[in-house]
Amino acid sequence: ASVTKRLTVVLKADDRLGANSLSDKIILHDTTMPPIFLGGFANLTTMPIQLFNEFLICNMDQQLMPFYIDALEAFGIPADLCSKNVAESGVAAEDDYPRLGTCALTSNMACDGSIITSSFQARRLQKPTYPVMMPMRHTEDEVHEYTEKQIRGAIKFVEEHTGEKYDWNAFYKKAEVLNTQNECELTKWDLFKTPYSPLSGT
């Protein structure tokens, strides 16, 4: 969904702006966690937790992230932790996340520093939270069984807290779209590799 459409959902669903039923149909998840497997919940809306308050807001005010970093360091968190994770936790400490959603999926992505971020966000969101702990060496065969258990656990968690049943056919449709996007991306980079690329870019 586009950023403006997601922002509309946030403004409509925030509990602090009035009672609504839209919030009950929203699953919160870490912005860095790929939400593709949630495509099986066709009747629910996925919402990246940090999208507006930490990822996009710095495009409008580049001085805002140091404010959130300072806010968390005032709690005694060491300054050498990943600044992205500290800023996310600082948003939670300042109570600047919207209040919406029926449950949340946190993650150790993009780095293990996200684990402490998850604990801060869980306290702030006050929603049932499931940590989806993904292996960093995801190309190794040994981790596939573990990863599958993590994803199936997250699916079961969402089913239990929303009453929705997972639809594998809906997931496959979403996965086909993503596969097509990846094919286009790989084709683009193959063109970039040629001596006389018809495309301009990095």
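Note: the structure precedes this text.
Rules and cut-offs
- Residues numbered from 1 in each chain as written.
- Predicted model: local features only at pLDDT ≥ 70, side-chain atom pairs only at ≥ 80, totals over all residues.
- Heavy atoms only, no water.
- Helix = DSSP H or I, 4+ residues; strand = E, 2+ residues; numbered from the N terminus.
- Buried < 20%, exposed > 50% of the residue type's maximum accessible area, 1.4 Å probe, protein only.
- Contact = heavy atoms within 4.5 Å.
- Areas by Shrake-Rupley, 256 points an atom, 1.4 Å probe, with all protein chains shown as cover.
- Core = buried A, V, L, I, M, F, W, Y, C linked by side-chain atoms within 4.5 Å.
- Phe/Tyr/Trp six-rings, centres within 6.5 Å; stacked < 30°, edge-to-face > 60°.
- Axes fitted to C-alpha atoms, helices over the stretch in contact; angles between N-to-C directions.
- Parallel < 35°, antiparallel > 145°, perpendicular 65-115°, else oblique.
- Left-handed = near helix turned anticlockwise from the far one by under 90°.
- Nonpolar A, V, L, I, M, F, W, Y, C, P; charged D, E, K, R; others polar.
- Patch = residues over 30% accessible without salt bridge, like charges linked within 9 Å, V, L, I, M, F, W, Y side chains within 5 Å.
- Salt bridge = Lys/Arg side-chain N within 4 Å of Asp/Glu carboxyl O.
- Pairing = 2+ DSSP bridges.

Chemist: Got a minute to help me understand the overall build of the chain in this structure?
Modeler: Looking only at helices and strands, the chain features seven helices and four strands. Reading the helices (α) and strands (β) of the chain from amino to carboxyl end gives α-β-β-α-α-α-β-α-β-α-α. Judged by the C-alpha coordinates and their principal axes, the chain covers about 50 × 40 × 40 Å. Among the 202 residues that make up the chain, the fraction classed as buried is 41%. Looking at the chain alone, contacts between residues at least 24 apart form 63% of all its contacts between residues at least 6 apart. Of the roughly 11,900 Å² of accessible surface on the chain, 56% is carried by carbon and sulfur atoms.

Chemist: Which parts of the structure should I look at to understand unusual backbone geometry?
Modeler: When glycine is set aside, most residues are seen to have a negative phi, and most peptide bonds are trans. Phi is positive for D95, close to 60°, though the residue is something other than glycine. Notably, Q126 is not glycine yet its phi reads approximately 50°, a positive angle.

Chemist: Looking at this structure, how should I read the nonpolar core?
Modeler: As a rule of thumb, nonpolar side chains are buried together in soluble globular proteins. Grouped together as the largest cluster of nonpolar side chains are 24 residues, with contacts concentrated most on I26, L28, M47, Y97, L100 and L125. Broken down by secondary-structure element, the contributors of at least two residues to this core are helix 1 (3-13), strand 1 (26-29), helix 2 (51-60), helix 3 (64-73), helix 4 (83-93) and helix 5 (114-125). For this core, the element with the most residues is helix 3, which contributes five residues. L38, I155, F157 and Y166 belong to the second largest nonpolar core, which has 18 residues in total.

Chemist: Can you walk me through the packing of aromatic side chains in this structure?
Modeler: The geometry of an aromatic ring pair comes down to the distance between the two centres and the angle between the two planes. Summed over all chains, the structure comprises nine aromatic pairs. Here Y166 and F171 contribute two aromatic rings whose centre-to-centre distance is 6.5 Å and whose plane-to-plane angle is 40°, an arrangement assigned as tilted. The pair formed by Y166 and F171 is uniform in burial state, with each residue classed as buried. Arranged with centres 5.5 Å apart and planes meeting at 50°, the rings of F171 and Y172 form a pair that is tilted. Residue Y172 is classed as partly exposed on the basis of its relative accessible area of 44%.

Chemist: Help me understand the packing of helix 2 against helix 4 in this model?
Modeler: To characterise two packed helices, one gives the angle between the axes of the helices and the distance between these axes. Following both chains from N to C, one finds helix 2 and helix 4 inclined at 125°, their axes separated by 9 Å at the closest point. Judged on the interaxial angle alone, helix 4 and helix 2 are oblique. Considering how the two elements wind past one another, helix 2 and helix 4 form a crossing that is right-handed. Contacts between helix 2 and helix 4 involve N53, E54 and F55 from the first element and K84, A87, E88 and V91 from the second. Taken together, the residues of the contact of helix 2 with helix 4 break down into three nonpolar, one polar and three charged.

Chemist: Can you walk me through a nonpolar patch on the surface in this structure?
Modeler: On the surface, a cluster of nonpolar side chains totalling about 300 Å² of accessible area is made up of L7, L11 and L17. Tracing the backbone through its elements, the reader meets L17 in the loop between helix 1 and strand 1.

Chemist: What should I look at first to understand the sheet that holds strand 2 (residues 45-48) in this one?
Modeler: Working definition: the strands of a sheet are paired by backbone hydrogen bonds and lie parallel or antiparallel to each other. Taken in spatial order, the four strands make up an open sheet running 2-1-3-4, and their pairing is parallel. Each having just a single partner strand, strand 2 and strand 4 (129-132) make up the two edges of the open sheet. Averaged over all adjacent pairs, the angle separating strand axes in this sheet is 25°, with direction ignored. Pairing of strand 1 with strand 2 involves four bridges; the strand directions are parallel. Within strand 2, the position partnered with H29 by the bridge is P48.

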